[in-house]
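# Analysis of the macromolecular model
Here is how the chains run, residue by residue.
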Amino acid sequence: MSTAPATAPAKIDHGLMWPGVIVTGIIGLLLSLFPKSGKAVVDALFAILTHNFKWLFLLFGLFCVLFLVWLASSKWGNIKLGSPEDEPEFSTYTWAAMIFCAGIGIAIVYWAFIEPVYYLNTNGILHVNPTTQKGLIGELAGMYGQFHWGITPWAIYALPTFPIAYAIHVKKIPALRLSAACRGIIGKRADGPLGKIIDIVVIFAMIGGVGTSLGLAVPLGTALVCEMTGLPESFSMQVIILIVWTALFTVTVWAGLKKGIARLADLNTYIAYFLLIYVFIIGPTTFILNNWCNSLGLLFSDFFKLSLWTDPISNGGFPESWTVFYWAWWVAYAPMMGLFVARISKGRTIRQVVIGELVYGSLGCWVFFAIWGGYAINLQTSGSLDVYSILKASDWSNNVTIVAILKSMPGGKYIFIPVFTILCSIFLATTLNSAAYTLSSQVTMKLTGDQEPPRWNRTLWGLILGLLALGLLSTGALKAVQLSSIVVALPLIPVLLLMVFSLMKWLNQDYGEILKSSVKVLPPEKITPAE
């Protein structure tokens, strides 16, 4: 167990931090001052990106899955991310909980109820007509949530973890940055303008990705609080909710990795267990089990078809609106996840980390969509509650619709909604805590794998994220910033591929000859120091 100091004495790289903050601030300001024209520009860019490059995003997602499955099943999977004597810093349960809460956060509790309802009434899903083929579209509604929140997203998240973890824990490069993980290919240029550009793009993508979480969380939290208290929804209420949540995750940021993020993640999983079991018991239990079993069967039998479906003839727009959008969202979030998971995975093997992200992460999302999504599908298909009509009548307000679904449960208003609100708050705090931690790590000079970035900088990032969200909420430009951050996903793809080549070059240099001789125990003297 490491005895390194908890707080890094390192200085902040102002040449990296402030350009990232300023670029994000300028874009946010422009979108705030010119929300209509700014949104039009961002929408046009995103439409071009998702239509012209959907093949690239789909191929990249499938590549991530295949590469990581190969990496874990190969001899490389035995390699420890750290020195031979290093042991994991966290228990497997806490480690998996931190990965799940940081990577998914409030998005899973938001979309698990509402996403299948959209699918039930969407034309063009694999050319199925929802009016004439209700049974099939119902099955696809259950399956697509498992696909969009399953193996491929977690593989995209996991891809940058290994080059970063290898750089800081094995090569001992004192920088928790994507540019450092590219050093195997670009060498000393990682310290120059090229490295700075990579890291600034990453900071922008991370801030925008976290903005997506805030954009989902604040309106939903406001709707939940107003439902419990009877107060009317308003911008003032959104501001209050945002201030409370910002204060909560800022306090936990100050608490650090073990006392803050780890404890929040554990608590979050226990609350999630209660709510999942609650819905599972009140039913329809048999339908949920049958639907989940059927959904997994469809997913695994058609996985490659789903992964590569571009709809090139009909161009109905479903791949662009859903699958490509999600893959771009995961790519934009991948740097943050790579940095965070790399930091907490010291002492684990490559195979263990692949399993932790692809298996534990996917299984967690599948359970949410199986139980909560199955509940929503049953409401709609059985006629118990016309969820889609509520969605349409509320001018496509997901928040109003989610509250209606929750109220339909026995004890929904007095049991489920209050506990659900607590779950949303802790999920968001964990995600934003992880974001502030990785943003601070990104701009800290000479940060080793055992050190934590300065507390004041972590707290500052928490306040910056809250203030940015407040300004954008007041002008209605938050969605545009979310989309603009996802546009960054396109240049991030070659960066992530560069990191993969860097990792493989390091592995071949350090372990190539050993693995050729089929030696399973890897001696530490074969590990070369950083440049």
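Since the structure is predicted, the reported quantities are computational estimates derived from the model, not experimental observations.

### As for the overall build of the chain
Secondary structure assignment for the chain yields 23 helices and zero strands. Sequence-distant contacts, at least 24 apart, represent 84% of the contacts inside the chain between residues at least 6 apart. Total accessible area computed for the chain in this model is approximately 19900 Å², and 67% of it derives from carbon and sulfur atoms.

### Description of the packing of aromatic side chains
For the structure shown, the criterion picks out 47 aromatic pairs. Measuring from ring centre to ring centre gives 6.2 Å for W111 and W322, while their planes differ by 80°; the resulting arrangement is edge-to-face. One end of the pair, W111, is in helix α5 (residues 106-120); the other, W322, is in helix α16 (residues 318-344), and 211 residues separate them in sequence. Neither residue differs from the other here; W111 and W322 are each classed as buried. Considering the side-chain rings of F274 and Y278, the 6.1 Å spacing of their centres and the 45° angle between planes classify their relative orientation as tilted. In this pair, F274 and Y278 both sit in helix α13 (residues 257-282), four residues apart, roughly one turn of the helix. Residue Y278 is classed as buried on the basis of its relative accessible area of 16%.

### Looking at the packing of α5 against helix α19 (residues 398-407)
One way to put it is that α5 packs onto α19 with a least axis distance of 10 Å and a crossing angle of 100°. By the angle class used here, α5 and α19 are roughly perpendicular. Residues Y110, W111, F113, I114 and Y118 of α5 pack against N398, N399, T401, I402, I405 and L406 of α19. A per-class count over the contact of α5 with α19 returns eight nonpolar, three polar and no charged.

### Some points on the pattern of salt bridges
As enumerated under the stated definition, the model contains seven salt bridges in all. The shortest N-O distance in the salt bridge between R177 and D13 comes to 3.3 Å. Here R177 is found in the loop between α8 (161-170) and α9 (178-181), whereas its partner D13 is found in the segment before α1 (14-33), with 164 residues between them in sequence. Side by side, R177 and D13 carry an identical accessibility label, which is buried. Ionic pairing is found between E89 and R343, a salt bridge with its closest N-O pair at 3.0 Å. Of this pair, E89 sits in the loop between α3 (54-73) and α4 (92-103) while R343 sits in helix α16; the two residues are 254 residues apart in sequence, bridging distant segments of the chain.

### Some words on the side chain of K54
With respect to the element layout, K54 can be found in helix α3. Each residue touching K54, except ones within four places of it in the same chain, is listed here: L49, T310, D311, N315, E320 and V324.

### Some words on the packing of α4 against helix α17 (residues 350-382)
Running from amino to carboxyl end, α4 crosses α17 at an angle of 65°, the nearest separation of the two axes being 10 Å. In the crossing of α4 with α17, the sense of the turn from one axis to the other is right-handed. Residue-level inspection shows T92, W95, A96, I99 and F100 of α4 in contact with α17, the latter providing Q352, V353, G356, E357, Y360, G361, G364, C365 and F368. Of the residues assigned to the contact of α4 with α17, the class counts are eight nonpolar, five polar and one charged.

### Focus: the nonpolar core
In terms of nonpolar packing, the biggest core is built from 187 residues, with W111, W372 and F420 touching the most fellow members. Counting residues per element, this core draws most heavily on α16, which supplies 18 residues. In this structure W372 touches V109, A112, F113, L275, L276, V279, F416, F420 and L423, once residues within four positions along its chain are discounted.

### Some points on the side chain of R183
For R183, the location among the structural elements is in helix α10 (residues 183-186). Within the structure, the side chain of R183 is placed 2.7 Å from the side chain of D191, a separation counted as a polar contact.

Rules and cut-offs
- Residues numbered from 1 in each chain as written.
- Predicted model: local features only at pLDDT ≥ 70, side-chain atom pairs only at ≥ 80, totals over all residues.
- Heavy atoms only, no water.
- Helix = DSSP H or I, 4+ residues; strand = E, 2+ residues; numbered from the N terminus.
- Contact = heavy atoms within 4.5 Å.
- Areas by Shrake-Rupley, 256 points an atom, 1.4 Å probe, with all protein chains shown as cover.
- Phe/Tyr/Trp six-rings, centres within 6.5 Å; stacked < 30°, edge-to-face > 60°.
- Buried < 20%, exposed > 50% of the residue type's maximum accessible area, 1.4 Å probe, protein only.
- Axes fitted to C-alpha atoms, helices over the stretch in contact; angles between N-to-C directions.
- Parallel < 35°, antiparallel > 145°, perpendicular 65-115°, else oblique.
- Nonpolar A, V, L, I, M, F, W, Y, C, P; charged D, E, K, R; others polar.
- Salt bridge = Lys/Arg side-chain N within 4 Å of Asp/Glu carboxyl O.
- Left-handed = near helix turned anticlockwise from the far one by under 90°.
- Core = buried A, V, L, I, M, F, W, Y, C linked by side-chain atoms within 4.5 Å.
- Polar contact = N/O pair within 3.5 Å; in protein donor to acceptor, adjacent residues only side chain to side chain.

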